[in-house]
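# Summary of the model geometry
Given next are the chains, with one letter for each unit.
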Amino acid sequence: MQVVVAKDGDKSGNPFTPKGYLIRYWNKHVSNDLPKPWFLLNKASPLNAAQYATYTKLVADQNALTTHLQSFCSSANLMCAPDLSPSLEKHTGDVHFTSYGDKNFTNYGTKVFGLGFNSFKNYSDDGNVVVNSFRRYGRDSPRDNQFDNYAPDTNVPDQSFNSYSTNTPGGSGQFTNYAHSSNVPDLRFTSYSDHGTGGEQEFKSYADDGNAGQQSFKSYGTDGNGADSQFTSYGNNTNVDGSTFTNYGQTANGQNQNFTSYSFNGNNPTNNFNNYGVGGNGPSETFTSYRDQSNVGDDTFTTYVKDANGGEANFTNYGQSFNEGTDVFTTYGKGGNDPHINFKTYGVNNTFKDYVKDTATFSNYKNRTSQVLASLTEANGGKKVNNRWVEPGKFFREKMLKSGTIMPMPDIKDKMPKRSFLPRVIASKLPFSTSKIDELKKIFHAANDSQVAKMIGDALSECERAPSAGETKRCANSAEDMIDFATSVLGRNVVVRTTENTKGSNGNIMIGVVKGINGGKVTKSVSCHQTLFPYLLYYCHSVPKVRVYEADILDPNSKAKINHGVAICHVDTSLWGPKHGAFIALGSGPGKIEVCHWIFENDMTWATAD
């Protein structure tokens, strides 16, 4: 539906709203009469005129604004942490929760005996800045426990799960998904199935497909007695995450333990795994895959089946890195009493300390070079490795932008939380520097060790870093700031463009009509990318020697137009790093090829009008 906007006002016709002001600002600072970029102007603050006046007065007194934070965040469409009440809920008996969120939880199914089972289907799903803790689940209860989804698809979750199925005399447990597809999580899981007797335990997925953030898992199956357990997936397909797993099956007695996949296909992960099966008493331990097909990163694995008594331990695959990182494996099978230990594949070129040869069988050490791995062929029988971080279509060559070309398109969907700009008059009065980060954390109720505080600090640091060689940069914390920066680089006769929608993502597309901006010549442009922050913040920069294109995107089967894309081609890549994902995907190296990519949803690029 086309929104009709009154002259110099928002859709209500009021010219005194932030959106009305932004429209007038655009008219004053952009010299052409081309159609207005509503995808940008609609990001203006949704405050009405009365709210605009009220919060403009409050922001002058930051203490006053802090006391009205929740109403301010709601009215202005910001991303703020909730102010949770201190009360902790307790539940006993046959309670089966379907959906629950944004509250702390003390006891669920604690000391519940008799027939039945405990189940929890959805907890805090699809939320922004989800802050909560789950203290105890199924403690001291012989019942079967099932937990389906904990905080999936959340932005900046700050969550603790202290205890799941601890001290259980029998009863099985299943935890299906924990924080799947979360963005910048801070996750803490303290204890899963510790001190249990009998009953199978299964944890299927922990923090897979996550983006950045920190996660820790302290204890799984410690002091268990005869309870078989399986951990299927931990931190797979994550991007720049930091994770710590402390104890798995420590001092367990007579149970089979299987850990299938840890940090598979991660991009620049920092992983620490301490203590696997330490002090265990048979019968078998199996660790199938650690950091397989990951891209760079830093990894430490400390202590595998140390001081174990009998039994069998199998470690199938460690560090078959897609691109070499730094891997350290310390203490393997040390101090064991006649354990049967087999280590099949170790695939990086760093260190392996304390490998006990007299109690273990070690085979197939593969010291692969980054050149072999980067070729994407020899390491996989002549086939390309399907690594998420160089997903098909993420980077492509300029020659692909021709009518009739069929090519893959990456996922260009915006995964950031929905937010709006603050009006400049309000944003300009809020602190915006690392030197004043304490004031900013106070305003947004961000505890020092919270993910909101980390998010704020990371954004400010990125905004304050020195520009790269040839780069001109600025962080725009209001739409007016973005207009000012773009026009300062390009002049007042500008056009801002973005890809029209997300259709075609994760599939093959056909290129239709292609138009080169500014005649398809090397030109100046300003690209703006979202940054995670309580209000809408963009990192805008101009880099030398680019060409910008518009292209119709067609369904390759019906040939129908489904999208209108904007792409930018970097002609000079000489200053890019040799391990940049573009060179892994396309081959070659810095300065040898041009590299193109699409403008993703809600990002944008500016150029002078043709």
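Residues numbered from 1 in each chain as written. Predicted model: local features only at pLDDT ≥ 70, side-chain atom pairs only at ≥ 80, totals over all residues. Heavy atoms only, no water.

## Description of the state of the cysteines
Heads up, the condition is: Note on terminology: disulfide denotes any pair of cysteine sulfur atoms within 2.5 Å. For every residue, the accessible area (1.4 Å probe, protein chains only) is compared with the maximum for its type, and the residue is labelled buried under 20%, exposed over 50%, or partly exposed between those bounds. Runs of H or I in DSSP of at least four residues are treated as helices and runs of E of at least two as strands, each being numbered from the N terminus.
Within the structure shown, the criterion is met by four disulfides. Between the sulfur atoms of cysteine 73 and its disulfide partner cysteine 80 the distance amounts to 1.9 Å. On the sign convention where negative is left-handed, the bridge of cysteine 73 and cysteine 80, at about -75 degrees about the S-S bond, is left-handed. The same class applies to cysteine 73 and to cysteine 80, which are both buried. What pairs with cysteine 569 in a disulfide is cysteine 596, and their sulfur atoms sit 2.0 Å apart. The sign of the 105 degrees torsion about the S-S bond sets the cysteine 569-cysteine 596 disulfide as right-handed. Linking cysteine 569 in strand β30 (residues 561-570) with cysteine 596 in strand β31 (residues 595-598), this pair joins segments that are 27 residues apart in sequence. The exposure class assigned to cysteine 569 is buried, which follows from its relative accessible area of 0%.

## Here's the deal with the environment of aspartate 292
Position of aspartate 292 relative to the elements: it lies in the loop between β16 (281-290) and β17 (298-304). What makes aspartate 292 buried here is its relative accessible area of 13%. Spatially, the C-alpha atoms of aspartate 292 and tyrosine 262 are 8.1 Å apart, while their sequence positions differ by 30 residues.

## Examining the confidence of the model for the chain
Selection criterion: Across the chain, each position has a pLDDT score giving the predictor's confidence in that residue, from 0 to 100. Contacts between residues were defined by any pair of non-hydrogen atoms, one from each residue, lying within 4.5 Å.
Considering every residue of the chain, the mean pLDDT works out to 81; 80% of them sit at 70 or more. Low pLDDT (under 50) marks residues 1-7, which in the prediction has seven contacts with non-local residues, meaning those over four places away or in another chain.

## Some remarks on the pairing of strand β8 (residues 173-178)
Here is the rule: Strand pairing is defined by DSSP finding a minimum of two bridges between the two strands.
Sheet topology places strand β6 (residues 144-150) next to β8; five bridges connect them, and they run parallel. Across the sheet, residue asparagine 149 finds its bridge partner in β8, namely asparagine 177. In the sheet, β8 pairs with strand β10 (residues 201-206) via five bridges, with the strands oriented parallel. Bridging across to β10, phenylalanine 175 finds its partner in phenylalanine 203.

## Details of the side chain of histidine 541
Applicable threshold: Any pair of nitrogen or oxygen atoms within 3.5 Å is treated as a polar contact; in protein, a donor-acceptor pairing is required on top of that, and neighbouring residues in sequence qualify only through side-chain atoms on both sides.
As for its placement among the helices and strands, histidine 541 is situated in strand β28 (residues 537-542). The class for histidine 541 is buried, based on a relative accessible area of 16%. Polar contacts involving the side chain of histidine 541 include one to the side chain of glutamate 471, which spans 2.9 Å. When neighbours within four sequence positions are excluded, histidine 541 is seen to be in contact with Glu471, Thr472, Lys473, Phe485, Ser525, Val526, Ser527 and His529.

## Considerations on the sheet that holds strand β24 (residues 472-476)
Within a sheet, adjacent strands bond to each other through the backbone by hydrogen bonds, running parallel or antiparallel. Heads up, the condition is: Throughout, an axis means a line fitted to C-alpha atoms (over the contacting stretch in the case of helices), and angles, computed between N-to-C directions, take values from 0 to 180 degrees.
Across the sheet, which stays open at both edges, the five strands sit in the order β24-β28-β27-β32-β25 with antiparallel pairing between neighbours. At either end of the open sheet lies a strand with only one pairing partner, and these are β24 and β25 (494-497). With direction set aside, neighbouring strand axes in the sheet form an average angle of 20 degrees. Inspection of the sheet shows strand β27 (residues 526-531) paired to strand β32 (residues 604-608) by three bridges, in the antiparallel sense. Across the sheet, residue serine 527 finds its bridge partner in β32, namely threonine 605. Running at roughly 150 degrees to β24, helix α9 (residues 451-464) makes contact with β24, β27 and β28 of the sheet.

## A look at the pattern of salt bridges
To keep things clear, this is the line we draw: Every case where a carboxyl oxygen of Asp or Glu lies within 4 Å of a side-chain nitrogen of Lys or Arg is listed as a salt bridge.
Within the structure shown, the criterion is met by 13 salt bridges. With its nearest N and O atoms 2.8 Å apart, the salt bridge here joins glutamate 594 to arginine 397. Separated by 197 residues along the polypeptide, glutamate 594 in the loop between α11 (581-586) and β31 and arginine 397 in the loop between α6 (370-374) and β23 (406-409) bring together distant segments of the chain. Of the residues examined, glutamate 594 reaches a relative accessible area of 14% and is grouped as buried. Judged by relative accessible area, which is 26%, arginine 397 ranks as partly exposed. A salt bridge links lysine 454 to aspartate 458; the shortest N-O distance between them is 2.8 Å. With a gap of four residues between them, lysine 454 and aspartate 458 both fall in helix α9, about one helical turn apart. Members of the salt-bridge network, linked through shared partners, are Arg424, Arg474, Asp481 and Asp484.

## Focus on the sheet that holds β30
With antiparallel pairing, five strands are arranged side by side in an open sheet as β23-β26-β29-β30-β31. Each edge of the open sheet is held by one strand with a lone partner, namely β23 and β31. Neighbour-to-neighbour, the strand axes of the sheet open up by a mean angle of 45 degrees, direction not taken into account. Bridging between strand β29 (residues 546-554) and β30 involves nine bridges; their strand directions are antiparallel. Bridging from a neighbouring strand, aspartate 552 pairs with histidine 564 of β30.

## Regarding the packing of aromatic side chains
Between two aromatic rings, the relevant description is the distance of the centres plus the angle of the planes. Selection rule: The pairing test for Phe, Tyr and Trp rings, Trp by its six-membered ring, is centres within 6.5 Å, and the orientation test on the planes gives stacked under 30 degrees, edge-to-face over 60, and tilted for anything in between.
A complete count under the given rule lists 51 aromatic pairs for this structure. Relative to tyrosine 206, the ring of phenylalanine 189 has its centre 6.5 Å away and its plane inclined at 65 degrees; by these criteria the two rings are edge-to-face. You can see phenylalanine 189 sitting in strand β9 (residues 186-192) and its partner tyrosine 206 sitting in strand β10, a full 17 residues away along the chain. The exposure class of phenylalanine 189 is buried, given its relative accessible area of 0%. On the basis of relative accessibility, which here comes to 0%, the residue tyrosine 206 falls in the buried class.

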